[in-house]
Amino acid sequence: MFQKELLKLYFICGTTTCQGKDLYRVVEEALKGGITLFQFREKGEGALEGKEKVELAIKLQDLCKKYNVPFVVNDDIDLAMEIDADGVHVGQDDLGVDEIRKLMPDKIIGLSIKTRKNFNNQKLNM
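An unreviewed UniProt entry annotates the protein as Thiamine phosphate synthase/TenI domain-containing protein originating from Streptococcus toyakuensis. Taken verbatim from the UniProt record of the protein, the Pathway (unreviewed entry) comment is "Cofactor biosynthesis; thiamine diphosphate biosynthesis."

So this is what it looks like as structure tokens:
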């Protein structure tokens, strides 16, 4: 079951958002600093794809495991399932939460919400 404590210090980062620094080192420093959840958000111009993205995700996931911090993949359900991530975060235009829950029954599912109306229209199973 989802624990609110995981949201205390929720860190989101990818290679395109760590200001030119090595993402592995950035995440390691964040873990040492006490983050409670890490979301791998590899998007945008210059983002890693394919095998490179999978390999980095696995390295970061292993690092998070050392610190007992959940590893969530942003906007890539296939990657999250392939590496058995702790969860996935999706947007309003992605596969619905109910469908994701069927694919990932015991995982964290995050959903970007833009308005209260969108929130009320989703059945969130945390």
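Having put the structure on the table, let's press on.
> Would you mind going over the environment of alanine 85 in detail, with residue names and values included?
Within the secondary structure layout, alanine 85 lies in the loop between α3 (77–82) and β4 (87–90). Exposure remark for alanine 85: the relative accessible area of 0% places this residue in the buried category. Distance in space between the C-alpha atoms of alanine 85 and methionine 104 is 9.7 Å, their sequence separation being 19 residues.

> So what's going on with the nonpolar core? Residues and values would help.
Of all hydrophobic cores here, the largest spans 31 residues; its most connected members are Leu23, Phe38, Phe40, Leu60, Phe71 and Ile83. Listed by contribution, the elements that provide at least two residues to this core are α1 (23–32), β2 (37–40), α2 (50–66), β3 (71–74), α3, β4, α4 (97–103) and β5 (108–111). Element by element, the count of residues in this core is highest for α2, at 6 residues. Beyond its immediate sequence surroundings of up to four residues, leucine 23 is in contact with Cys13, Gly14, Thr15, Cys18, Phe40, Leu56 and Leu60.

Quick notes on the rules
- Residues numbered from 1 in each chain as written.
- Predicted model: local features only at pLDDT ≥ 70, side-chain atom pairs only at ≥ 80, totals over all residues.
- Heavy atoms only, no water.
- UniProt positions renumbered as here; feature names shortened; annotations may be inferred.
- Helix = DSSP H or I, 4+ residues; strand = E, 2+ residues; numbered from the N terminus.
- Buried < 20%, exposed > 50% of the residue type's maximum accessible area, 1.4 Å probe, protein only.
- Core = buried A, V, L, I, M, F, W, Y, C linked by side-chain atoms within 4.5 Å.
- Contact = heavy atoms within 4.5 Å.

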